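Now for the letters of each chain:
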Amino acid sequence: MVGSTNEELLQKSASGAPEGTVLIAERQLAGRGRLGRRWLDHPGGSVLCSVLFRPPFEPRWWYLAPWVVALAASKAALETTAVRCRLKWPNDLLAGEGGRKVAGVLSETSGEGGLVVGIGINCNWPPEFPPAGSAEAAAIAATATSLDRVAGAPVDREALVARMLELVAEAWTRLLAGGPAPDPGAVAELCSRYRDSSSTIGELVRVEMAGEAVTGRALDVDDQGRLVVESATGARPIDVGDVVHLRSGAGAGAD
Ligand code: BTN
């Protein structure tokens, strides 16, 4: 049990831990989500995993690491549970009717050239989870679900995380083959897989950012991983934000 696997791995990164160091927890007492949110887990019912990358690339390419993790988790989920996930920009995995959030990805830098990418996957939720009684739990219940609920069968977390880590290693190795810049062929393949898995591209969205929101059509992701949204003022690439899909029934994601 840890506070946060990301936090622990950031500390190990600062002490010189090598690329490929992985931390996995059964539960977290202070799980962190994107944009300063909390990440709640059901103890023993999730994959809570952080991976340390040491990208030799310029920071503009670092978005590739969370994409590698999200796509690996999606493929591993399909192979081990038969659940097909879609990616909500930037890196939420949605599944089931209406596209509910089953996983989220958080990237954090350690300042020593380290990039920690953590993923939380909701695997096996008992009927009473999330517990009633807080607004936070109600928001999760309204927008998130677990792979076992979608699959209709218990999820083998070990098989899922083992396959995910194998796929992460394969995809990252292909990117590293390019030397100090990511291999162009591997980038093109990853971006194409990301676009094919995206539930956001093509949708009418509202993107909530610090102090403002943009509403428009999500056109694409650009070569820096930004979401390009066509609004009344033209096409605008967005680095960081929270996306709400405005078509009815779309998943809103919950932390
Ligand atoms: C999000 O969707 O907001 C991202 C959630 C990321 C949660 C994972 S669980 C493992 C790792 N450790 C953390 O504290 N957070 C990430």
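Residues numbered from 1 in each chain as written. Predicted model: local features only at pLDDT ≥ 70, side-chain atom pairs only at ≥ 80, totals over all residues. Heavy atoms only, no water.

Q: So, the nonpolar core: which residues are in play, and what are the values?
A: Note that soluble globular proteins tend to have their nonpolar side chains buried in a common cluster. Counting 58 residues, the largest nonpolar core has Phe53, Ile119, Ile121, Leu147, Leu160, Met164 and Leu175 as the members making the most contacts within it. Take this core: its biggest share by element is 11 residues, from helix H2 (residues 64-81). The residues touching Met164, leaving out its near neighbours within four places in the chain, are Cys49, Ala72, Ala73, Ala76, Ile119 and Ile121. Ranked by size, the runner-up nonpolar core spans 6 residues in total, among them Leu9, Leu10, Leu23 and Leu52. (Core = buried A, V, L, I, M, F, W, Y, C linked by side-chain atoms within 4.5 Å. Buried < 20%, exposed > 50% of the residue type's maximum accessible area, 1.4 Å probe, protein only. Helix = DSSP H or I, 4+ residues; strand = E, 2+ residues; numbered from the N terminus. Contact = heavy atoms within 4.5 Å.)

Q: Provide a residue-level description of the pairing of strand E5 (residues 100-109), including the pertinent values.
A: Most of E5 sits out of view: 7 of its 10 residues are buried. Alignment of strand E4 (residues 92-95) against E5, held across 3 bridges, turns out to be antiparallel. Residue pairing in the sheet places Leu93 in a bridge with Ala103 of E5. Across 7 bridges, E5 lies against strand E6 (residues 115-122) in antiparallel orientation. Residue Ala103 lies in a different strand from E6, and its bridge partner there is Ile121. Between E5 and E6, which follow one another and run antiparallel, lie 5 residues, and Gly111 among them has a positive phi close to 85°. (Pairing = 2+ DSSP bridges.)

Worth remembering: the numbers are spatial, not functional.
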